[in-house]
Amino acid sequence: IDVLELDDALNQLACIAPRQARGVELRFFAGLSEADIAEQLGVSRRTVQSDWRLARARLRRALSSGDTHTRPP
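None of the values given here were measured: they were computed from a predicted structure. (Residues numbered from 1 in each chain as written. Predicted model: local features only at pLDDT ≥ 70, side-chain atom pairs only at ≥ 80, totals over all residues. Heavy atoms only, no water.)

K.L.:
Could you clarify how one ought to interpret helix 2 (residues 18-29) in this entry?
P.N.:
Two residues of an α-helix separated by three or four positions point the same way, owing to the 3.6 residues in each turn. End to end, helix 2 covers 16 Å across 12 residues, agreeing with the expected 16 Å (1.5 Å per residue, within 8%). Residues of helix 2 that are buried: Gln-20, Ala-21, Gly-23, Val-24 and Leu-26. Turning to helix 2, the residues buried within the fold contact helix 1 (3-16), helix 3 (34-41) and helix 4 (45-65). Positive backbone phi, at 70°, marks Gly-31, one or two positions downstream of helix 2. (Helix = DSSP H or I, 4+ residues; strand = E, 2+ residues; numbered from the N terminus. Expected span 1.5 Å × (residues − 1). Buried < 20%, exposed > 50% of the residue type's maximum accessible area, 1.4 Å probe, protein only. Contact = heavy atoms within 4.5 Å.)

What follows is the structure, given as structure tokens:
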């Protein structure tokens with residue numbers, strides 16, 4: 001995965017679903033468990049699981065379509 005494309009995709013996700021983007025950051029970059037993320041975000045573990053599924057789908061779609069170029073060339 002191109003790191004810049006991933007960053008762009010995360011930034012796009014943060015615009016439309018900030019909690020999902022924060023959950024991805026906490027899980028992917030900080031390595032927190034679902035329970036820890038739920039505590040940090042003040043939501044249930046089930047919400048974290050749902051957010052994770054939706055965020056992964058959105059990120060996968062953005063990365064596979066190449067629709068992540070928010071930065072100038």
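Now that the structure has been shown, we can carry on.
K.L.:
Looking at this model, I keep getting lost on the pattern of salt bridges. Mind explaining?
P.N.:
A side chain with one charge may pair with a side chain of the opposite charge, provided their charged atoms come close. A full pass over the atoms with the stated rule returns four salt bridges. In this structure, Arg-19 and Asp-51 form a salt bridge, with 2.6 Å as the shortest nitrogen-oxygen distance. Residue Arg-19 is located in helix 2, and its partner Asp-51 is located in helix 4; the two are separated by 32 residues in the primary sequence. By relative accessible area, which is 39% here, Arg-19 ends up partly exposed. Residue Arg-22 pairs with Glu-25 through a salt bridge whose shortest N-O separation is 3.2 Å. Placement of the pair is Arg-22 and Glu-25 together in helix 2, with a separation of three residues, close to one helical turn. (Salt bridge = Lys/Arg side-chain N within 4 Å of Asp/Glu carboxyl O.)

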